[in-house]
Amino acid sequence: MRQDWCSGAAYGLLRHWLQRSNLTWVRKACRRVVRPLRFGSVLIPLGYPALQTSILMVDEKEKNMKCLTFFLMLPETVKNRSKKSSKKGNSSSSSSSKLPPVCYEIITLKTKKKKKMAADIFPRKKPANTNTTAVQQYHQQNLNNNNTIPAPNWQGLYPTIRERNAVMFNNDLMADVHFVVGPPGGTQRLPGHKYVLAVGSSVFHAMFYGELAEDKDEIRIPDVEPAAFLAMLKYIYCDEIDLAADTVLATLYAAKKYIVPHLARACVNFLETSLSAKNACVLLSQSCLFEEPDLTQRCWEVIDAQAELALKSEGFCDIDFQTLESILRRETLNAKEIVVFEAALNWAEVECQRQELTATIENKRKVLGKALYLIRIPTMALDDFANGAAQSGILTLNETNDIFLWYTAAKKPELQFVSKPRKGLVPQRCHRFQSCAYRSNQWRYRGRCDSIQFAVDKRVFIAGFGLYGSSCGSAEYSAKIELKRQGVILGQNLSKYFSDGSSNTFPVWFEYPVQIEPDTFYTASVILDGNELSYFGQEGMTEVQCGKVTVQFQCSSDSTNGTGVQGGQIPELIFYA
C-alpha cells in the first residue's frame, strides 16, 4: 500500500494511529540497510538508503504486545543525493534527517514466524467467538434485509477469507449482477458477485464467462423460489448448508438446475432422514423428476411397509398421474384393497379441483381414466366391496354385476380389473432366545410390564411382537403392546390372542407398522393379562443377525416383571425390511 507522506509527517501519522489504538509510542531507531532483504515482491539492495523504524507497542498497563518494524524506502531521486552524502562520511541517519520532504513507500517487515491476523495482534474486548457471532449476525441481516456493510474497515473484523467472503452473501456491496427470483407477484431482487458465483457453479461460469455469456446487470429467474435461491447462494458464499422441510425440495431443484452437486446431495440426505409415510408419496414423485434413484428406492420402502398410512396422507392427493399409476400397479403394496380404492377416489376429487372441474362421479372417473382398472377390486373382501366400492357410484352397473358374479358364480366373467391379489410384504421375525421353558410358578402376569430395548443397523418397520402363550393348555391373553423412543410412544395397540398350549410364539400386531431408524435404541413393552402361566425364553442373545439386519438388545428400566436380555417375554420382533 502506498501513501504520500512527508518525512516529518510520517512519524506523526504513525503516532496518531498508535494513540487511536490505545498504544504508547516508546522508541524509534533509524539505520541503513546493510544486507539485501526481500519483502514480498520488493528487493532492497545493499546500501540502499532506507529508514528502518522499530516500534515497540505496549498497552495501558505497560504490558509488551508487539514489536513492528517498518522500512521507509527513498525514491530514486533521493537515492542519488544519499550516495553523495555517504561519500562525505555522513551516517545514514544524519543523511536521512537532512533530506527534503519527499514521498516514501512503507513496507511491513515480514518474519519467518507464523503470520498473525490483526485480531490476534490487537485483541478486541469482546467475549469468546466474537468473529463467529459477528458473521452469524451479518448472515441474519443479509438474509432478511439485504444489508450493506457500513463499517469502513469491515475486513479487519474477519480473520479468514471464508468469513470475509461470507459477508458478501446477499450484500449489495460490490455486487455486479442482480437476480429477480420467483414467479410474477412474488419476486425478490437479490444481489450477486459474478466471480463468487462462477467459482461455485459451472452454470454461472458459463453464464458470466462462457463463450455465449451475456453482459446483463439483471437476470430473471421465475422458476425458482426466492428462499431456495437464497439457500443455494448461502452455500456458495458461506460454505454452509441451511435446509428446512418446507423449502428443501425447491432447494434441490435449484441445486440441480445450477449444477451444485454437493448441495443437491445434502438435500437428498435431508429428505431421506425426514422421510415418513406422510411425505413418501410426494417425495416419490419428486425423486423421479430429479432422477434420484436412491431416494426413489427409499420412498418405495416406506410406501410398501406403511402403505395404508401413505395412501391416507394428504400428500398422496398432491402426486401427478404417472406416480398414481405406479403406486396402483405396485405388487408389494402392503394395504387392504378397499384402502387403495378410497385413496384413488380422494386423489380424483383433488385432481378435479386442479383441472377446475366439478367433483362429480363422472368427472372423478374421467380424471382417473385407465388407472381405475389398476385397483384390484375383485380381491377385496366381499363386505368391503358390497358396502364400499359397489355403492360408491364410480362403477357402472355392468361392472358391479360382473364383480358380484366373480365372488359368487362358479363360472366367473371376464373383468377389466386386475383380479390377482397383491403379494404384499413378507414379515421377518427376529428371535432373541435360544430356548424356552416353563416352571410351575413362572411366568405369571398380574398387570406388570415386560420390556426390552433394541437397536438396528438399518431402517426397518416394526409390525408387531411375537409373544409366548400358556404352558398349561389353551388360554386367552389380553395384550397391550407399546413401542417407545426416549419415552415418546410411537405405536401401541390393545388386542387379544389365543394360545394353544404349545411353546410357539403368537403374533400381536400394531395397527400400522412403526418406522425404526438405525443406531437408536427403542423400547418394546407389553402388559399381559391372563390367569394362566406361560412359557418364557432363556439363553438370550445380545446381538442377532436377521437377514441383512443386525439387532442389538439391552435391558430396559421399564421392565417390572423380570424380562431382560437373558430371559423372559417378548421373544420376537416382527418387522418389514
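Structure shown above.
Below, the structure is looked at part by part. The shown structure was predicted, so the numbers you read here are calculated from the model rather than taken from an experiment. (Residues numbered from 1 in each chain as written. Predicted model: local features only at pLDDT ≥ 70, side-chain atom pairs only at ≥ 80, totals over all residues. Heavy atoms only, no water.)

All right, on to the overall build of the chain then. Assigned secondary structure in the chain consists of 19 helices and 20 strands. With 577 residues in all, the chain has 44% of them scored as buried. Look at the contacts in the chain between residues 6 or more apart in sequence, and 71% of them connect residues 24 or more apart. Approximately 31100 Å² of the chain is accessible, and the part contributed by carbon and sulfur atoms is 51%. (Helix = DSSP H or I, 4+ residues; strand = E, 2+ residues; numbered from the N terminus. Buried < 20%, exposed > 50% of the residue type's maximum accessible area, 1.4 Å probe, protein only. Contact = heavy atoms within 4.5 Å. Areas by Shrake-Rupley, 256 points an atom, 1.4 Å probe, with all protein chains shown as cover.)

Applying the stated criterion across every chain, the model contains 20 salt bridges. Here Arg189 ties to Glu218 by a salt bridge, and the two come within 2.9 Å at their closest N and O atoms. Within this pair, whereas Arg189 is found in strand S7 (residues 188–192), its partner Glu218 is found in strand S8 (residues 218–221), the two being separated by 29 residues in sequence. Overall, Glu218 belongs to the partly exposed group, its relative accessible area being 33%. In this structure, Arg265 engages Glu272 in a salt bridge whose closest nitrogen and oxygen atoms are separated by 3.8 Å. The partly exposed category is assigned to Arg265, whose relative accessible area is 34%. Accessibility expressed as a relative area gives 13% for Glu272, which makes it buried. Taken together, the salt bridges that share partners define one network made up of Arg265, Glu272, Arg298 and Glu301. (Salt bridge = Lys/Arg side-chain N within 4 Å of Asp/Glu carboxyl O.)

Attention now goes to the packing of helix H10 (residues 248–257) against helix H11 (residues 261–273). Direction vectors running N to C along H10 and H11 enclose 155°, while the axes themselves pass 8 Å from each other. The angle between the axes of H10 and H11 places the two elements in the roughly antiparallel class. Handedness of the H10/H11 crossing: left-handed. Residues Val248, Leu249, Thr251, Leu252 and Ala255 of H10 pack against Leu263, Ala264, Cys267, Val268, Phe270 and Leu271 of H11. (Axes fitted to C-alpha atoms, helices over the stretch in contact; angles between N-to-C directions. Parallel < 35°, antiparallel > 145°, perpendicular 65-115°, else oblique. Left-handed = near helix turned anticlockwise from the far one by under 90°.)

All told, the structure shown has 0 disulfides when counted by the stated rule. Not engaged in a disulfide, the cysteine Cys430 finds its nearest cysteine sulfur in Cys546; these two sulfurs lie 5.1 Å apart. (Disulfide = S-S within 2.5 Å.)

What follows deals with the side chain of Asn561. Along the chain, Asn561 turns up in the loop between strand S19 (549–555) and strand S20 (572–576). One polar contact links the side chain of Asn561 to the main-chain carbonyl oxygen of Arg444, over a distance of 3.2 Å. If we ignore the near neighbours within four places in the chain, the residues touching Asn561 are Trp443, Arg444, Tyr445, Arg448, Cys449 and Asp450. (Polar contact = N/O pair within 3.5 Å; in protein donor to acceptor, adjacent residues only side chain to side chain.)

Each full turn of the α-helix corresponds to 3.6 residues, which orients residues three or four apart in the same direction. If you check which residues of H10 are buried, you get Val248, Ala250, Thr251, Leu252, Ala254 and Ala255. Among the structural elements, helix H9 (226–238), H11 and helix H12 (280–290) are those in contact with the buried residues of H10.

Pairs of packed helices are described in terms of their axes, by the angle between the two and the distance that separates them. In the contact formed by H11 and helix H13 (residues 293–305), the axes pass within 10 Å of each other and the chain directions differ by 5°. By the angle between their directions, the pair H11 and H13 is classed as roughly parallel. Between H11 and H13, the contacting residues are Arg265, Val268, Leu271 and Glu272 on the first element and Asp294, Leu295 and Arg298 on the second. Within the contact of H11 with H13, the residues separate by chemical class into 3 nonpolar, no polar and 4 charged. (Nonpolar A, V, L, I, M, F, W, Y, C, P; charged D, E, K, R; others polar.)

Take the sheet that holds strand S15 (residues 505–516) next. Read from one edge of the open sheet, 4 strands run S9-S20-S12-S15, paired in antiparallel fashion. Of all strands in the sheet, those with a lone pairing partner are strand S9 (428–431) and S15, marking the two edges. Within the sheet, the average angular offset between the axes of one strand and its neighbour, ignoring direction, is 25°. Of the strand pairs in this sheet, strand S12 (residues 460–468) and S20 are connected by 5 bridges, and their pairing is antiparallel. Bridge assignment links Phe461 to a residue of S20, and that residue is Tyr576. Strand contacts of H13: S12, S15 and S20, with the helix running at about 40° to S12, the strand carrying the most contacts. (Pairing = 2+ DSSP bridges.)

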